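Summary of structural features
What follows is each chain in one-letter form.
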Amino acid sequence: MNENMNRLTVEEIKAILRGADPIIMEGGRTLLAKILKGSREKKVLQLELDTCPVYGYFKSKKLDDIMEKIDWMIDYDFLDVEYRGKLPMIIFTERGWQIECDQYADELIREWKEWVNQGKQDPDMVYLKDRNRELILLFLDKVRETGNKSFIPYLKLWEQIDYKKVREAIRRTITALEDNEPVDEQRMQERNESINEALKGSAPQDLLLKCWDCGNRFSFTISEQQYFKQKGFQLPKTCKKCRNKRRELYYM
Ligand SMILES: [Zn+2]
């Protein structure tokens, strides 16, 4: 691990999470770096990753430097790696998803505001169907919090095409906007505080793990953790001594 690397800015953290969103469990670190670099590579264009709002965000940086930032994101518990077959894929950690979900919901709100400004009448709302449920419910909360009645026609269109559970939530949002229900300021504040907390990340530190063979605690260092994470390995269950012992038995 590069100990000299500065912590990323909040804006950089959010950009990398946004870039990871379209390739979760579909692509690895390198593909993510290419999105952020703004690569014209065939795979990037085929998957239409050039339409991602952070495509080319790190245009002026070298691919290696972008990779280093992504690895920092993995070290600080924003992203993780999980294997799909033999391929290591990028996934969100809980922390990373919390931040991404929030900024994505804001992005959807901005889009609706643009629609209102453009006087868009008949948007196809199918794009909101089959989305992550947590994202959709957060988006609806935020719609309600805007108090913006010009969103009601979009909500009504959306209500017609979505599943029952979501329809109920949409209906509640419409009613809240129509009746000028007061916004739950405390809930908003708590949510923002929680996001700010998440954005601090979790600095890697040596872990003390328990060995399942001998029962002793053993140290799992930062650099070992980084190696395991990038490889998508689970935490080791045994200490080195016991692991070596097993290996010897196996090869005897
Ligand atoms: Zn042991």
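Residues numbered from 1 in each chain as written. Predicted model: local features only at pLDDT ≥ 70, side-chain atom pairs only at ≥ 80, totals over all residues. Heavy atoms only, no water.

All right, on to the coordination of the zinc ion then. Taken together, the protein ligands of the zinc ion are Cys-211 (SG), Cys-214 (SG), Cys-239 (SG) and Cys-242 (SG), with distances of 2.3 Å. What the four donor atoms of the zinc ion show is an angle range of 102 to 117° at the metal, which sorts the shape as tetrahedral. Look at where the donors of the zinc ion fall in the sequence and you get C-x2-C-x24-C-x2-C. With Cys-214 in the loop between strand S3 (207-210) and strand S4 (217-220) and Cys-242 in helix H11 (residues 240-251), this residue pair connects regions lying 28 residues apart in the sequence. Its relative accessible area of 6% is what places Cys-242 among the buried residues. (Donors = N, O, S within 2.8 Å, 3.2 Å for Na, K, Ca; no water. Tetrahedral: all angles 85-135°; square planar, octahedral: opposite > 155°, others 65-115°. Helix = DSSP H or I, 4+ residues; strand = E, 2+ residues; numbered from the N terminus. Buried < 20%, exposed > 50% of the residue type's maximum accessible area, 1.4 Å probe, protein only.)

It is worth spelling out the nonpolar core at this point. With 61 residues, the main nonpolar core has Ile-70, Leu-79, Trp-112 and Trp-158 as its most contacted residues. Ranked by residue count, the leading element in this core is helix H5 (residues 94-118), at nine residues. Among the domains, domain 1 (10-92) and domain 2 (97-199) are the pair contributing at least three residues each to this core. Setting aside residues up to four positions removed in sequence, Ile-70 forms contacts with Ile-16, Arg-29, Leu-32, Ala-33, Leu-36, Leu-79 and Ile-90. Within the second largest apolar cluster, seven residues are counted, among which are Phe-218, Phe-220, Phe-228 and Cys-239. (Core = buried A, V, L, I, M, F, W, Y, C linked by side-chain atoms within 4.5 Å. Domains from an automatic or database assignment. Contact = heavy atoms within 4.5 Å.)

This paragraph deals with the packing of helix H7 (residues 152-161) against helix H8 (residues 164-178). Running from N to C, H7 and H8 cross one another at 160°; their axes reach a closest spacing of 9 Å. Comparing their axes, H8 and H7 come out roughly antiparallel. Helix-helix and strand crossings are classified by hand; for H7 and H8 the assignment is left-handed. Where H7 approaches H8, its residues Ile-152, Leu-155, Lys-156, Trp-158 and Glu-159 are matched on the opposing element by Val-166, Arg-167, Ile-170, Arg-171, Thr-173, Ile-174, Leu-177 and Glu-178. Residue classes in the contact of H7 with H8 are distributed as seven nonpolar, one polar and five charged. (Axes fitted to C-alpha atoms, helices over the stretch in contact; angles between N-to-C directions. Parallel < 35°, antiparallel > 145°, perpendicular 65-115°, else oblique. Left-handed = near helix turned anticlockwise from the far one by under 90°. Nonpolar A, V, L, I, M, F, W, Y, C, P; charged D, E, K, R; others polar.)

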